[in-house]
Amino acid sequence: MASIRRTLSPMYHDRSHENGGSHKGFTIGGSSSKHNSSQFLSYLTKLLGVTSDPKSSRRGPWRRPFYQFLVFFLLGFVLGLTPFGKMEDVNGSDRFSFEIKQPYVEERLDNNKKREEVAVDAVSFVVENENGKKEVNFVPKKLIIVVTPTYNRAMQAYYLNRIAQTLRLVESPVLWIVVEGNVASFETSEILRKTGVMYRHLVCKRNMTSIKDRGVHQRNTALEHIELHKLDGIVYFADDDNIYSLELFQSLRQISRFGTWPVAMLAPSKNKAILEGPVCNGSQVIGWHTNEKSKRLRRFHVDMSGFAFNSTILWDPKRWRRPFSHPTRQLDTVKEGFQETSFIEQVVADESEMEGVPPACSRILNWHLHLDALDVPYPQGWAIQKNLQALITMK
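What this report covers is the structure whose coordinates are included nearby. Computed from a prediction, not measured in an experiment: that's the story for all the values here. (Residues numbered from 1 in each chain as written. Predicted model: local features only at pLDDT ≥ 70, side-chain atom pairs only at ≥ 80, totals over all residues. Heavy atoms only, no water.)

**A word on helix H11 (residues 339–347)**
Item 1. The element H11 is largely enclosed, with a buried count of eight among its nine residues.
Item 2. Those residues of H11 that fall on the buried side of the exposure criterion are Gln-339, Glu-340, Thr-341, Ser-342, Phe-343, Ile-344, Gln-346 and Val-347. (Buried < 20%, exposed > 50% of the residue type's maximum accessible area, 1.4 Å probe, protein only. Helix = DSSP H or I, 4+ residues; strand = E, 2+ residues; numbered from the N terminus.)

Structure (structure tokens):
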């Protein structure tokens, strides 16, 4: 049987056929646009190696993938040469110009310049009211550094909890430095953890031969810690057996260099009260209260819990023009009762550098009662394991 083969040559497309028909594969009476699309499809089919002739597909099976690879390779090559950059909106004729920039280097330089230009001189808050805006400058409060030497005894838990309850009511920031001798006891650590006060638990490694030396070396350990870490605040020596008012700690932040106030004391005989401290005219110290003849030779008549000072005196002496180059410490070589005045002489030269707290020194802010019971045995772990038998049985 004879086969009829369709030709793709364009020279026969416009030729008329018998019976008003056309070659197989073309639309009868089709327009020129349809002929052009058919020509483009036939050309693309030849380009990609697609043909309806089975013999030609058997002769060249590699042509189709080869031309596909070539077309996509050229497409990718053209896209790779296309410049991708940032379009900047520029006035005038350069409104649609393109410019390739390094995306990170210049931005980092600009951010660094902006960071260098930003400087905070002060912190201020703005309060809005009905009349308008009012600026309120924020002044940070001074740190109160409370130094407490302690040791294991029967009344220790009571004393530490009592002073801790007072410190919890003081407005922050408050730092409580508690110093023990030789080793940090478990009982003291447990008490400090439960107080809710910011604290540091230190240990004095010095050999202490007497009660007088013990307190001196423990306070010096705290002074060394403050000087080493350059803590900025008001230092106050608060023994654990004293009684303190809340007003005292609130007044400490008013001290610039050295502040002092009168302390009410119970005499060792416990039959009379003694007032020891400054006599003030406003905030100026003009004299001293004292009742003990043995202590009238002291330069400054102050109790250990009756003064406070700026901590920068310890680690920045040039600021205060101190005449001494050695560290400011309490001395264990002086007689008992003279540790206070020997220490104060290292901090100030005379009364003109002191401040009376509160003004006129007219209020008693703390009390030194000497009520510690030395003969009471100290129960280890605060647990009494003996003498727990019932004395009266219930019927």
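From this point on, the discussion continues.
**Side note on the sheet that holds strand E5 (residues 143–149)**
Item 1. Read from one edge to the other, the open sheet built from seven strands follows the order E7-E6-E5-E8-E14-E10-E15, with strand pairing classed as mixed. A single partner strand is all that each edge strand has here, and the edge strands are strand E7 (199–204) and strand E15 (355–356).
Item 2. Summarising the sheet, strand E10 (residues 258–260) and E15 pair through two bridges and their orientation is parallel. Looking at the pairing, Gly-259 lines up with Glu-355 of E15.
Item 3. Here H11 sits on the sheet and contacts strand E8 (233–237), E10 and strand E14 (307–310); the angle it forms with E14, its principal contact strand, is near 25°. (Pairing = 2+ DSSP bridges. Contact = heavy atoms within 4.5 Å. Axes fitted to C-alpha atoms, helices over the stretch in contact; angles between N-to-C directions.)

**Things to note about a nonpolar patch on the surface**
Item 1. On the surface, a cluster of nonpolar side chains totalling about 990 Å² of accessible area is made up of Trp-62, Phe-66, Phe-69, Leu-70, Phe-73, Leu-74, Phe-77, Val-78 and Leu-81.
Item 2. Tracing the backbone shows Leu-70 in helix H3 (residues 63–81).
Item 3. By relative accessible area, which is 35% here, Leu-70 ends up partly exposed. (Patch = residues over 30% accessible without salt bridge, like charges linked within 9 Å, V, L, I, M, F, W, Y side chains within 5 Å. Areas by Shrake-Rupley, 256 points an atom, 1.4 Å probe, with all protein chains shown as cover. Salt bridge = Lys/Arg side-chain N within 4 Å of Asp/Glu carboxyl O.)

**Focus: the sheet that holds strand E9 (residues 243–244)**
Item 1. Judged by pairing direction, the sheet is mixed, and its five strands sit side by side in the order E9-E16-E11-E12-E13 without closing on themselves. The sheet is open, and its two edges are formed by E9 and strand E13 (284–289), each paired on a single side.

**What to know about helix H6 (residues 186–193)**
Item 1. Turning to H6, its buried residues number three or more, namely Glu-187, Thr-188, Ser-189, Ile-191 and Leu-192.
Item 2. For H6, the elements touching its buried residues are helix H5 (156–168), strand E6 (174–181) and E7.

**What about the pairing of E14?**
Item 1. Bridge analysis of E8 against E14 gives three bridges, and the strand direction is antiparallel. Looking across to E14, one finds that Val-235 is bridged to Phe-309.

**Topic: the side chain of Asp-241**
Item 1. For Asp-241, the position within the fold is in the loop between E8 and E9.
Item 2. When sequence neighbours within four positions are dropped, the list of residues in contact with Asp-241 reads Arg-153, Tyr-159, Arg-162 and His-368.

**What about the packing of aromatic side chains?**
Item 1. Within this structure, the stated rule accounts for 13 aromatic pairs.
Item 2. Taking the centre distance of 6.1 Å and the plane angle of 25° together, the rings of Phe-69 and Phe-73 count as stacked. With Phe-69 and Phe-73 both in helix H3 and four residues apart, this pair spans about one turn of that helix.
Item 3. Of the residues examined, Phe-69 reaches a relative accessible area of 57% and is grouped as exposed. (Phe/Tyr/Trp six-rings, centres within 6.5 Å; stacked < 30°, edge-to-face > 60°.)

**Brief notes about unusual backbone geometry**
Item 1. Following Ser-172, the chain continues to Pro-173 via a peptide bond in cis, the omega torsion being 10°.
Item 2. Inspection of the secondary structure assignment puts Pro-173 in the loop between H5 and E6.
Item 3. The step from Val-357 to Pro-358 runs through a cis peptide bond, and the omega angle for that step is -15°.
Item 4. Structurally, Pro-358 is set in the loop between E15 and strand E16 (366–368).
Item 5. The residue Asn-182 is not glycine, and still its phi comes out positive at about 70°.
Item 6. Relative to the elements of secondary structure, Asn-182 occurs in the loop between E6 and H6.
Item 7. Residue Asn-182 is classed as partly exposed on the basis of its relative accessible area, which comes to 48%.
Item 8. The backbone of Cys-361 sits at a positive phi, close to 50°, despite the residue not being glycine.
Item 9. With respect to the helices, strands and loops of the structure, Cys-361 is situated in the loop between E15 and E16.

These results come straight from atomic positions and should not be treated as a statement about function.
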